[in-house]
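Next come the chains, spelled out residue by residue.
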Amino acid sequence: MSSANEHEDRFRRVYAANFEPLLAYAMRRVEQPEDAADVVAETFLVAWRRSRYMPPDTEVRPWLYGVARRVLANHHRSGLRRGRLGDRLRQRLRASVVTDPGSEVPERLTVRAALARLGEQDRELLMLTFWEGLEPREAAEVLRISPAAARTRLSRARTRLRQLVGDDADPPGHVFDVLAVRTPKEGR
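Residues numbered from 1 in each chain as written. Predicted model: local features only at pLDDT ≥ 70, side-chain atom pairs only at ≥ 80, totals over all residues. Heavy atoms only, no water.

Participant: Describe the overall build of the chain, and please don't skip the residues or the numbers.
Facilitator: The secondary structure content of the chain amounts to eight helices and zero strands. Mapped from its N terminus to its C terminus, the chain presents α and β elements in the order α-α-α-α-α-α-α-α. Across the chain, the fraction of contacts at a sequence separation of at least 24, relative to all contacts at a separation of at least 6, is 65%. By element, 50% of the accessible surface of the chain is carried by carbon and sulfur atoms, the whole surface being about 12,900 Å². (Helix = DSSP H or I, 4+ residues; strand = E, 2+ residues; numbered from the N terminus. Contact = heavy atoms within 4.5 Å. Areas by Shrake-Rupley, 256 points an atom, 1.4 Å probe, with all protein chains shown as cover.)

Written out as structure tokens, the structure reads:
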């Protein structure tokens, strides 16, 4: 019998004799049965890779438990990392998901309809300054116009929007409360 066959036969014997005890060991130390199966599979993968250095059969079980213990430690650490990463992602998503300010007030449909009736440049300038929170000079950069032109167009767009929505807004300026939570401060 060749050395490779002897090596494989020995590994099969070690596997058969130790699979169930190692699975029981892992099951008592993880929350999900699938995780225990992964731990045992990883343990035997390590054992296969290092099988040439595996101790004699009488000492192999404690060696396998040592390998399984390290695999479990890695499993728990990676679970903690995944949990922390998930928490960070959830926090970022909560922070980055901005609700449409217009959706929180009854006038939302009226304001959206009025915005739709505006010209595209007026609508984009209003949306950039109110919904995206850009200052007029920043919106000017996006639209590739001068800051002075942006301020003038913004003033005119606000007037047109008020006219489309109606002058009976109560309180005065309420149209723009519907558009934005805050009005950006313009630095001139």
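Participant: Go over the environment of valine 111, please, and point to the residues and values.
Facilitator: Relative to the helices and strands, valine 111 is located in helix α4 (residues 108–117). Residue classification places valine 111 among the buried residues on the basis of a relative accessible area of 3%. For the pair valine 111 and arginine 162, spaced 51 residues apart in sequence, the C-alpha to C-alpha distance is 9.3 Å. (Buried < 20%, exposed > 50% of the residue type's maximum accessible area, 1.4 Å probe, protein only.)

Participant: Hey, could you go over the packing of helix α2 (residues 33–49) against helix α3 (residues 57–96) for me, with residue numbers and the actual values?
Facilitator: With their axes 9 Å apart at the nearest point, α2 and α3 run at an angle of 125 degrees to one another. Regarding the angle of α2 to α3, the classification is oblique. Crossing of α2 against α3: the hand is right-handed. Contacts between α2 and α3 pair Asp35, Val39, Glu42, Thr43, Phe44, Val46 and Ala47 from the former with Trp63, Leu64, Val67, Ala68, Val71, Leu72 and His75 from the latter. When grouped by side-chain class, the residues that make up the contact of α2 with α3 number 10 nonpolar, two polar and two charged. (Axes fitted to C-alpha atoms, helices over the stretch in contact; angles between N-to-C directions. Parallel < 35°, antiparallel > 145°, perpendicular 65-115°, else oblique. Left-handed = near helix turned anticlockwise from the far one by under 90°. Nonpolar A, V, L, I, M, F, W, Y, C, P; charged D, E, K, R; others polar.)

Participant: Just give me the short version of the packing of α4 against helix α7 (residues 147–165), but keep the residues and values in it.
Facilitator: At a minimum axis separation of 9 Å, α4 and α7 run at an interaxial angle of 125 degrees. What the angle tells us is that α4 and α7 run oblique. The element α4 and its partner α7 pack so that their crossing is right-handed. For the pair α4 and α7, contact is made by Thr110, Val111, Ala114, Leu115 and Arg117 and by Leu161, Leu164 and Val165, respectively. Here the contact of α4 with α7 is composed, by residue class, of six nonpolar, one polar and one charged.

Participant: Please give an account of unusual backbone geometry that cites residues and values.
Facilitator: Trans peptide bonds make up most of the peptide bonds, and negative phi angles are found at most residues other than glycine. Of note in the backbone geometry, arginine 144 takes a positive phi value of approximately 60 degrees without being a glycine. With respect to the helices and strands, arginine 144 occurs in the loop between α6 (136–143) and α7.

Participant: Tell me about the nonpolar core, residues and numbers included.
Facilitator: Counting 19 residues, the largest nonpolar core has Leu22, Val39, Phe44 and Leu64 as its most contacted members. If you list the elements that add at least two residues to this core, you get α1 (3–27), α2 and α3. The contact partners of phenylalanine 44, leaving out residues within four places of it in the chain, are Phe11, Val14, Tyr15, Asn18, Phe19, Leu22 and Leu64. Listed in part, the 13 residues of the second largest apolar core include Ala114, Leu118, Trp131 and Ala157. (Core = buried A, V, L, I, M, F, W, Y, C linked by side-chain atoms within 4.5 Å.)

Participant: Which residues make up the environment of threonine 110, and what values go with them?
Facilitator: In this fold, threonine 110 is placed in helix α4. Residue classification places threonine 110 among the partly exposed residues on the basis of a relative accessible area of 43%. Residues threonine 110 and glycine 166, spaced 56 residues apart in sequence, show a C-alpha to C-alpha distance of 9.8 Å.

Participant: Go over the pattern of salt bridges, please, and point to the residues and values.
Facilitator: Inspection of every chain in the model, using the stated rule, returns six salt bridges. A salt bridge links aspartate 9 to arginine 12; the nearest nitrogen and oxygen atoms lie 3.7 Å apart. On the criterion of helical spacing, the pair formed by aspartate 9 and arginine 12 is a turn pair, its members being three residues apart in helix α1. By relative accessible area, aspartate 9 is classed as partly exposed at 28%. Ionic pairing is found between arginine 137 and glutamate 135, a salt bridge with its closest N-O pair at 3.1 Å. Residue classification places arginine 137 among the partly exposed positions, given a relative accessible area of 38%. (Salt bridge = Lys/Arg side-chain N within 4 Å of Asp/Glu carboxyl O.)

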